[in-house]
Amino acid sequence: MKTIYLLTCMILFLFGCCGFIHLASWSGRRDHSLAKDIIGPLNDARTKGRKCGNTFYPPVQPVTWNDTLGQVSLDHSMDMAKSGYLGHKSSDNSGLGDRLSKAGYRWASYGEIVGQGY
């Protein structure tokens, strides 16, 4: 997979109808600086609210970047790219809950969205 559409589950979920982010220039970078650059415009959109279809969603609180969640997401994206698959299970058959726990993130619930080729 030459082009990675990397949207962390957090960012994709929060971006909603505001759009998507094409990170073709990511090219296997291991830092999160590009993803962190998204937080500013994302929070700007969140504080103004958005219309999605016929429904208006009122302004909501800003989000903050979490390095652990970002790393878990990036590692899964890189695993999918390296192994040539798209899915919720990693190549070692672990799910998101397993990956979060292994990274030391204490979670009560989670969600994950994967996609490509938008």
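Small disclaimer: the values here were computed from a predicted structure and weren't measured.

1. Looking at unusual backbone geometry
(1) Moving on: Of note, Asn93 is a non-glycine position whose phi angle comes to about 75°, a positive value.
(2) Moving on: Topologically, Asn93 is positioned in the loop between α3 (67–83) and α4 (96–102).

2. Notes on α3
(1) Moving on: The end-to-end C-alpha separation of α3 is 24 Å, in line with the 24 Å expected for 17 residues at 1.5 Å each.
(2) Moving on: Buried within α3 are the following residues: Gly70, Val72, Ser73, Leu74, His76, Ser77, Met78, Asp79, Met80 and Ala81.
(3) Moving on: A distance of 2.9 Å separates the backbone nitrogen of Thr68 from a side-chain oxygen at the start of α3, and that oxygen is part of Asn66.
(4) Moving on: Immediately beyond the C-terminal end of α3, within one or two residues, lies Gly84, with a positive phi of roughly 70°.

3. As for the environment of Pro62
(1) Moving on: Mapped onto the elements, Pro62 comes out in the loop between β2 (55–57) and α3.
(2) Moving on: For Pro62 and Asp44, which are 18 residues apart along the polypeptide, the C-alpha to C-alpha distance reads 8.1 Å.
(3) Moving on: Discounting chain neighbours no more than four positions away, the residues touching Pro62 are Asn43 and Arg46.

4. Structural notes on the confidence of the model for the protein chain
(1) Moving on: For the protein chain, mean pLDDT is 77; residues scoring 70 or higher make up 69% of the total.
(2) Moving on: Across the protein chain, element-level confidence peaks in α4 with a mean pLDDT of 96 and bottoms out in helix α1 (residues 9–15) with 40.
(3) Moving on: Low confidence marks residues 1–27, where pLDDT is under 50. Its contacts with residues over four positions away, or in another chain, come to 55 contacts.

5. Observations regarding the environment of Gln61
(1) Moving on: Relative to the helices and strands, Gln61 is located in the loop between β2 and α3.
(2) Moving on: Between the alpha carbons of Gln61 and Asn43 there is a distance of 7.9 Å; along the sequence they are 18 residues apart.

Criteria and cut-off values
Residues numbered from 1 in each chain as written. Predicted model: local features only at pLDDT ≥ 70, side-chain atom pairs only at ≥ 80, totals over all residues. Heavy atoms only, no water. Helix = DSSP H or I, 4+ residues; strand = E, 2+ residues; numbered from the N terminus. Expected span 1.5 Å × (residues − 1). Buried < 20%, exposed > 50% of the residue type's maximum accessible area, 1.4 Å probe, protein only. Polar contact = N/O pair within 3.5 Å; in protein donor to acceptor, adjacent residues only side chain to side chain. Contact = heavy atoms within 4.5 Å. pLDDT = per-residue confidence, 0-100.

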